[in-house]
Amino acid sequence: MSQSDIRYWFKTLTQQLRKNRQRSLIVLQGDIAWASEVYGTMIEQLSQEVGSLAPRCAITFGKALIDDENEVIANFRHQLGRENELVLFNDPDFHPDAFAALSGTIVAGGVMIWCCTQAQALESENLFVQRILTKAKNDTFSFVLSQTDNDLPVIVEQQDNSNEQLNFEQEPKCSSLENGCKTVQQQCAVNAIEKVALGHRKRPLLLTADRGRGKSSALAIAVAKLIMAEKRNQAPQKFIITAPHSNALAIFFQQLQQSCPEGECIQNRFIYHHHRVEYIAVDVLIKEKPQAQLLLIDEAAAIPVYILSQLVDVYPRVVFSSTQHGYEGAGRGFAVKFTQLLIEKTPYFNQYHINQPIRWAENDPLESFVFDAFLLKSRNLEEPFIENKAGNKQAIELTDLKHRLQENFNSQDAVFSCIEQQQLMADESLLQQIFSVLITAHYQTSPSDLKLLLNNKALRLFVLEFKQKIVAVALTVKEGGAEEHEISQVANAKRRLKNQFLPQSLFLHNHCSTAFDFQYLRIMRIAVLPCVQQLGLGLKLLSHVKHYAEQNHIDMLGTSFGANEALLRFWHKAHYKLVRLGFSVDKASGEHSSMYLQALNTKADDLVAQLQQRFYRSFTYLLNEQYQNISAQVIIELIQQWPTENLPLFTDYDRQVIENFITRKSLFDNCSYSLHVQLIHFLATNLNNSLHDDAEKQRLIEILIKRLIQKQSIESICQEFDLTGKKELNNTIIGGVNYVVQKL
């Protein structure tokens, strides 16, 4: 194929895409020199067609193919909220999250070009790339240009959507479009945003959409209406918008300027008369808590849920806007998890989803390809079904499914199995079911997990099926058995080994010199469909994983996760032992990472017992500083898992000291250690679960934990619990200690 042929072919394709308001994927399969030449021809043709590519630009993710002015980006998340005419994806490692996210920034008429080298195409071990390439070759509206093929792909005539008026069903209270809204659903979103600002407090809005649906523009249109309506209001109004990065708000501020032309946009601040709309970074919001008429959070799924939770507590009027899929952050799992949080904190919150695309036409080829290839439209398995005798599929209620599981779990309908990666490649339905469980049940699941499923040879995948439907999944990784030279590199901080998380962490952080002598199976993720949780399925799946490990000469099972009360209790119930608690908090969960192990033989059991003893030996010391901000509920759970034989000694002398404190014969400082030990024993051995139902007693115990165990300051405790000062705090502590004495 000649370069003139390529130029004409590319011109024909882009003209058709613009006419139909669609986008497509082009794959350049060949060596770098050839791909560079073809790409240069395409970018030159595109520049001639659209003039200057700015402001709709061409960007490159990965390595540049030609020496041009296109922006080469390293962090794809900074592109969220921006628009591009062309995206070149030239990443030898193929970052799935980046590919999926950047595809959503391309406007109608644009293309995504994937440079797939011959080495990538021929790498049979890379099942993930093989899947994506096969999907592209089998997709009518994706085009693979191969260096070894003299013929250019046939451009199939696509449906003409040029006259599409973005029509869809009329919705209540949104019968007409105004203020520059492009669709009825976008108009409804604008109305819902206004309602948050003008209606009752503590009724936030969760606005979701796939990419290209105009949600960022809806935020801007709504804000423009609000500030223009306040034109004569003498009191200045301040609106705050935040996002993971300021670059993500380019469309928001462009639309705001368009909707309110009398205003002035200066960097990330918009001023209209004496009213302001300002971008403030998330960390600044948490630290300074500036007041605002309305807080808007765009790309919310890319912000940790625990931070969003804090913002809900501070701001009475909030709009959370997020895309639907995991390439932005937490995706559908985020919606599930965050919706649960809103139900608890603000039960009268509202939710709205925009379906109709604006940036491109319905059934867009590129969007359809990404959804299919990365399983972003996996069926929601929260709607299981069974077959009747006639072969017709009937939906069954979720409560009915729970009932059937409880009654028949030990029947032949309950099947545990270990899935091989080649099975996933050969069975698309199986892969979709597994990924659907992960997306629905675990909020951090993203397209990168699909690559992990297919490519990591150390992965062991376990599933639980009921009535031929997968309801639980466990992702595990086989670890251990590193070479001596690799261990030496780890010891000298020259290398971090892949698929060696548990032994590497034990070696470096727990000072365990024999960590690499053992074989591990790490449970990196376990997911149970929310509709069938609390039935013991997770524990039953773990028992199957344990049986597999024992049969395959594994020494110990292990896991690591963000420490919260529920997860700590779950893993303890599964007979895993805590051996480490990280000092820093996880960026996604805001929780300290914890590590749990379960020994499967005598030698491993001795090591795990030793590691657990070492952890608790330093635990209360570290609570004074490194763990000072851990919640009281987590501390209670950790202390309840403290082996009784390793508890600090509590003597008759301590009891006498405490009696002197209660009767005010001795000051707090003279009794603090005895009070400290007493509280640990109480939490470890006598704390009743009924405490959760007694708010006042729970408050007393929390104050005792913060003062006696975490050694927090008098000032911070008084401020947190609304106490007048040291005297009231001391009286409260005496009351709490009295309660503990009665229970011990």
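Above this note sits the structure.
The structure displayed is predicted, hence computed values, not measured ones.

A. Local environment of helix H23 (residues 652-662). Residues Asp654, Val657, Ile658, Phe661 and Ile662 constitute the buried set of H23. Taken down its axis, H23 places every buried residue within 140° of arc, on the same side. Across from the buried face of H23, at angles greater than 90 degrees, the exposed residues are Asp652 and Tyr653. Put simply, Thr651 is the residue that caps the front of H23, since its side-chain oxygen is 3.3 Å from the backbone nitrogen of Tyr653. The first or second residue beyond H23 is Arg664, which carries a positive phi of 65°.

B. Broad picture of the state of the cysteines. This structure, assessed with the given rule, holds 0 disulfides. In this structure Cys116 is a free cysteine whose sulfur lies 7.7 Å from that of Cys115, the closest cysteine sulfur available. On the accessibility criterion, Cys116 (0% relative accessible area) is buried.

C. The arrangement of the packing of aromatic side chains in detail. Applying the stated criterion to the full structure yields 26 aromatic pairs. Ring geometry for Tyr616 versus Trp642: centroids 4.9 Å apart, planes at 25°, classification stacked. Note that Tyr616 is positioned in helix H21 (residues 602-622) and Trp642 in the loop between helix H22 (632-640) and H23, a separation of 26 residues in sequence. Assigned by exposure class, Tyr616 and Trp642 land together as buried. With centroids separated by 6.1 Å and ring planes inclined at 40°, the aromatic side chains of Phe619 and Tyr627 adopt a geometry described as tilted. For the pair formed by Phe619 and Tyr627, the shared burial category is buried. In this structure an aromatic cluster arises from ring pairing among Phe61, Phe89, Phe94, Phe99, Trp114, Phe128 and Phe374. Lying over the aromatic face of Trp360, Arg23 brings its terminal NZ or CZ to 3.5 Å of the ring centre. Cation over ring: Lys603 sits above Phe518, and NZ or CZ is 5.3 Å from the ring centre.

The rules behind these values
- Residues numbered from 1 in each chain as written.
- Predicted model: local features only at pLDDT ≥ 70, side-chain atom pairs only at ≥ 80, totals over all residues.
- Heavy atoms only, no water.
- Buried < 20%, exposed > 50% of the residue type's maximum accessible area, 1.4 Å probe, protein only.
- Helix = DSSP H or I, 4+ residues; strand = E, 2+ residues; numbered from the N terminus.
- Arc of directions from axis to C-beta.
- Polar contact = N/O pair within 3.5 Å; in protein donor to acceptor, adjacent residues only side chain to side chain.
- Disulfide = S-S within 2.5 Å.
- Phe/Tyr/Trp six-rings, centres within 6.5 Å; stacked < 30°, edge-to-face > 60°.
- Lys NZ or Arg CZ within 6 Å of the ring centre and 35° of its normal.

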